[in-house]
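# What the coordinates show
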Amino acid sequence: MTWWETIPAFAVILTVGIAPGLLLSAMLGLRGIALLGSAPAFSVTTVTLASIAAPFFGAAWGLAPIAGTTVVLLIVIAVFRLLWHRLRPQPAFAHPPVRLLTWAALGIGVAAIAITVRFIVAFGEPENISQTYDNIFHLNALRYVLDSGNASSLTLGGFNIENPAAGTFYPAGWHALTAASASITGVSIPVAINLTSILIGAVYWPLGCVFLVRTILGPRAIAIVGAGVLSAAFGAFPYGLVDFGVLYPYLLGVSLLPAALAYAVIATRLSDQPEMRTSRAWFALFGVVPGITLAHPSATMAFVALSSILVVVGAHRMYKRLVAAHASTRKIRLLLVGTALVLAAYLGAWLVVRVSVVWEPIRTVAQALGEVLTNATNGLPIAIVATALVIVGVLQLRQQPLLRWLILNFSIVGILYIAAAAMPHSLLQSLLVGTWYGDSHRLGSLLPIVALPLATLGLVRVYDAIRTREPTKVSANVDARSRQRSLAITAVALLLLATQGYSLHVATLEARSNYVITDDPDDEDYEAPLLTADELDVLEHVAEYVPKDAVVAGSPWTGAGLVYAIADREAMLPHVGGFDSAESRLIGERLRDAASYTSVCDALATLEVGYALDFGTREVHGEEHNFDGLTRLATSQAVEPLYTSGDVGLYKITACD
């Protein structure tokens, strides 16, 4: 399949991923950029809620549950608007000029093209998979959803194929969205993943960024266009999260954060020219948090960290307004109590939603600080132009003191990144960054969210400086002013073009190294991260030799567990952790010599294993685990070969016949 051939499938995926949110946003009364920027977050909430509700109604996962949930949520919003309007009747809201949508479309369109092209370069071919540790789970989880018809976050954990309802909790927002993409379009799981990644990175992310900047900086065309293009200017996101991990669910969650923060800015009354009422911003906020949380809880905790500044600053300004207006003590007390309750809830979540994972420091504090200040986290090259614009934006804050909270948000992300990248494991580090697994890549991906508004502010400052420059007496006429405006637009266009430089090139190539398998015999230094070309060839032929209901043994660390995702045959161990048992360990250690160990036959019978994959000893991340019984099967009397490619192969277990 070529990328051109995926266009019809992507059109369907785009519709499924945007249409529910557009309908809900319109029903909420949103218009303009707020309508577009809200659509992704509302769509994801709809999909996640539908995936949880579907099993209770006996519905298989697909388009029908999504459509039904959309209708229910439309009714909920309609009732909310009706009741709220009766309780608090207000005049019609003055929406911004429609012409701003043209500028938004320009900026978003440029970003969408730039990100899509880079993603295509990174992925190589539509069928390529990310050759990374986490993707073993994600690929097999998608196969499980398609086989069971169950995408609920309440049961995805555990892959209980025989009884899906008996599974355990796992946030499955991304899996629900991607599985729906696969089931509705009929494309393979790898293709569905790559097309959904393009939807998230090239559509969801720019839409949210433009909405956030519009909310903060107001309805200025140059800011709206600039925000769209600049959303594609940072290597850490979205490119970094299709490289490291691979962190697809977190990619989805972070892509929705700009919209959630835009609601928070409006809800805390920090937007001078909002596109919606405060009440609707609060309603929208409560509506999108479930979707973000069920995409990845760490994304919600990022929202907690960043919105805490908004809560404090917004409460402080509201307090000053109430005091100046000689408001009643009751109103002031309500403000203080409400603020305290929100912050207490934030603190409680911060203490509870975290894990203890030991990562060794990868930077010194000075190095990590430098990476934050230059938008070069996790070893990326310095984003020179984007960083320069951020600096100009920071300097501009001297003239716009009401926006100085942007510096605080930037500082929070910087501190958290430094804690993850440079602090040794300790209780303090766990308290600070445990909710992100102490992982610098997850925290580095948040930096573009807080750098983007500052960079856009810097871009606007450059534009204004050139456009309003005092013309000479000789040229002080309409034509001269027009020329200055043209010069300002040209300068901004060149700056935006310059942001798409070396840093993004490196980020794209680093991601590509995890997707593209080389079979060049002259490339002696190349080592596939997870699957070699021979191993992938074997997996693609498994279905020709193995019955549909059979179970296949293999070391998940070598990628053999992907027989479930790629060949649709059940894997004895579908992931590297959480699925092993005494029987699977015995098979992994002794299968090659099964003729000498009758207990191996008992284990094979218990797990109903009849076939085995020998993918050698090379493991993802260079790990070493004892699966000696699944190696060198070509010389074993316990099996017979069915299909081999190079030194790896598929075998039928015959020792227990």
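Throughout what follows, the structure given in this document is the object of discussion. These numbers were taken from a predicted model, which means no experiment stands behind them.

## Here's the deal with the overall build of the protein
Helix and strand counts for the protein come out as 24 helices and five strands. For 657 residues, the compact-globule estimate of 2.2 N^0.38 gives 26 Å, and the C-alpha radius of gyration of the protein, at 27 Å, lies within 12% of that figure. On the principal axes, the C-alpha backbone points of the protein span a range of 95 × 60 × 50 Å. Counting across all 657 residues of the protein, residues that qualify as buried make up 55%. Considering only residue pairs separated by 6 or more positions, the protein has 73% of its internal contacts joining residues 24 or more positions apart. If you average the places of the 39 positive and of the 45 negative side-chain charges in the protein, the two averages end up 30 Å apart.

## A closer look at the nonpolar core
In terms of nonpolar packing, the biggest core is built from 212 residues, with Trp61, Tyr204, Trp405, Trp436, Leu446 and Leu613 touching the most fellow members. Among the elements that line this core, the one with the most residues is helix 7 (residues 189–217), at 20 residues. Ignoring anything within four residues of it in the chain, the contact list for Trp405 reads Ile216, Val265, Leu270, Ile309, Leu310, Val313 and Arg317. Counting five residues, the second largest nonpolar core, distinct from the first, contains Ala315, Met318, Leu322 and Leu335.

## Some points on the environment of Ala345
Structurally, Ala345 can be placed in helix 12 (residues 329–352). The spatial distance from the C-alpha of Ala345 to the C-alpha of Val304 is 9.5 Å, given a sequence separation of 41 residues.

## With respect to the pairing of strand 5 (residues 648–653)
Among the six residues that make up strand 5, five are buried, leaving the element largely enclosed by the rest of the structure. Both strand 4 (residues 639–645) and strand 5 contribute to a ladder of six bridges, which runs antiparallel. If you follow Glu640 over to strand 5, its bridge partner there is Lys652. Counted between consecutive antiparallel strands, the loop separating strand 4 from strand 5 contains two residues, among which Gly646 sits at a positive phi close to 65 degrees.

## Comments concerning the pairing of strand 3 (residues 609–614)
Among the six residues that make up strand 3, six are buried, leaving the element largely enclosed by the rest of the structure. When strand 1 (residues 551–553) meets strand 3, the two strands line up parallel, connected through three bridges. For Val551, the partnering residue across the bridge sits in strand 3 and is Val609. For strand 3 and strand 5, the ladder comprises four bridges, and the chain directions are antiparallel. Bridge pairing in strand 5 links Leu613 to Leu650.

## A look at a nonpolar patch on the surface
A cluster of nonpolar side chains, namely Phe56, Phe57, Leu154 and Phe169, defines an oily patch on the protein surface of about 530 Å² accessible area. Of note, Phe169 is situated in the loop between helix 5 (133–148) and helix 6 (173–185).

## Concerning the environment of Gly235
Mapped onto the secondary structure, Gly235 falls in the loop between helix 8 (221–230) and helix 9 (248–267). We classify Gly235 as buried; its relative accessible area is 3%. On a C-alpha basis, the gap between Gly235 and Glu275 in space is 30 Å, while along the polypeptide they are 40 residues apart. Ignoring anything within four residues of it in the chain, the contact list for Gly235 reads Gly240, Leu380, Leu504 and Ala507.

## Some thoughts on the sheet that holds strand 4
Taking strand neighbours across the sheet as the criterion, the five strands line up as 2-1-3-5-4 in an open arrangement whose pairing is mixed. Bordering the open sheet on either side are strand 2 (570–571) and strand 4, each of which pairs with just one other strand.

## Let's talk about the packing of aromatic side chains
Inspection of the entire model under this criterion finds 15 aromatic pairs. On the basis of an interplanar angle of 65 degrees and a centroid distance of 5.6 Å, the ring pair of Phe211 and Tyr263 is categorised as edge-to-face. Of this pair, Phe211 sits in helix 7 while Tyr263 sits in helix 9; the two residues are 52 residues apart in sequence, bridging distant segments of the chain. Members of the aromatic cluster, joined through ring pairs, are Trp3, Phe119, Phe123, Tyr239 and Tyr515.

## Remarks on the packing of helix 23 (residues 582–590) against helix 24 (residues 598–607)
Look at helix 23 against helix 24: their axes get within 9 Å of each other, and the N-to-C directions meet at 130 degrees. Viewed along their axes, helix 23 and helix 24 adopt a mutual orientation that is oblique. For the pair helix 23 and helix 24, the sense of crossing is left-handed. Listed contacts from helix 24 to Glu583, Ser584, Leu586, Ile587 and Arg590 of helix 23 are Ser599, Val600, Ala603, Leu604, Thr606 and Leu607.

## Quick word on the packing of helix 1 (residues 7–27) against helix 7
Remark: helix 1 packs on helix 7, axes separated minimally by 10 Å, with the N-to-C direction vectors making an angle of 50 degrees. Between helix 1 and helix 7, the interaxial angle falls into the category oblique. Regarding helix 1 and helix 7, the two cross each other, and that crossing is right-handed. Judged by residue contacts, Ala9, Phe10, Ile13, Leu14, Gly17 and Ile18 of helix 1 engage Leu195, Thr196, Ile198, Leu199, Val203, Tyr204 and Leu207 from helix 7. For the contact of helix 1 with helix 7, the class distribution of residues is 11 nonpolar, two polar and no charged.

The rules we used
Residues numbered from 1 in each chain as written. Predicted model: local features only at pLDDT ≥ 70, side-chain atom pairs only at ≥ 80, totals over all residues. Heavy atoms only, no water. Helix = DSSP H or I, 4+ residues; strand = E, 2+ residues; numbered from the N terminus. Rg over C-alpha atoms; globule rule 2.2 N^0.38 Å. Buried < 20%, exposed > 50% of the residue type's maximum accessible area, 1.4 Å probe, protein only. Contact = heavy atoms within 4.5 Å. Lys, Arg positive; Asp, Glu negative; His and termini not counted. Charge placed at Lys NZ, Arg CZ, Asp CG, Glu CD. Core = buried A, V, L, I, M, F, W, Y, C linked by side-chain atoms within 4.5 Å. Pairing = 2+ DSSP bridges. Patch = residues over 30% accessible without salt bridge, like charges linked within 9 Å, V, L, I, M, F, W, Y side chains within 5 Å. Areas by Shrake-Rupley, 256 points an atom, 1.4 Å probe, with all protein chains shown as cover. Salt bridge = Lys/Arg side-chain N within 4 Å of Asp/Glu carboxyl O. Phe/Tyr/Trp six-rings, centres within 6.5 Å; stacked < 30°, edge-to-face > 60°. Axes fitted to C-alpha atoms, helices over the stretch in contact; angles between N-to-C directions. Parallel < 35°, antiparallel > 145°, perpendicular 65-115°, else oblique. Left-handed = near helix turned anticlockwise from the far one by under 90°. Nonpolar A, V, L, I, M, F, W, Y, C, P; charged D, E, K, R; others polar.

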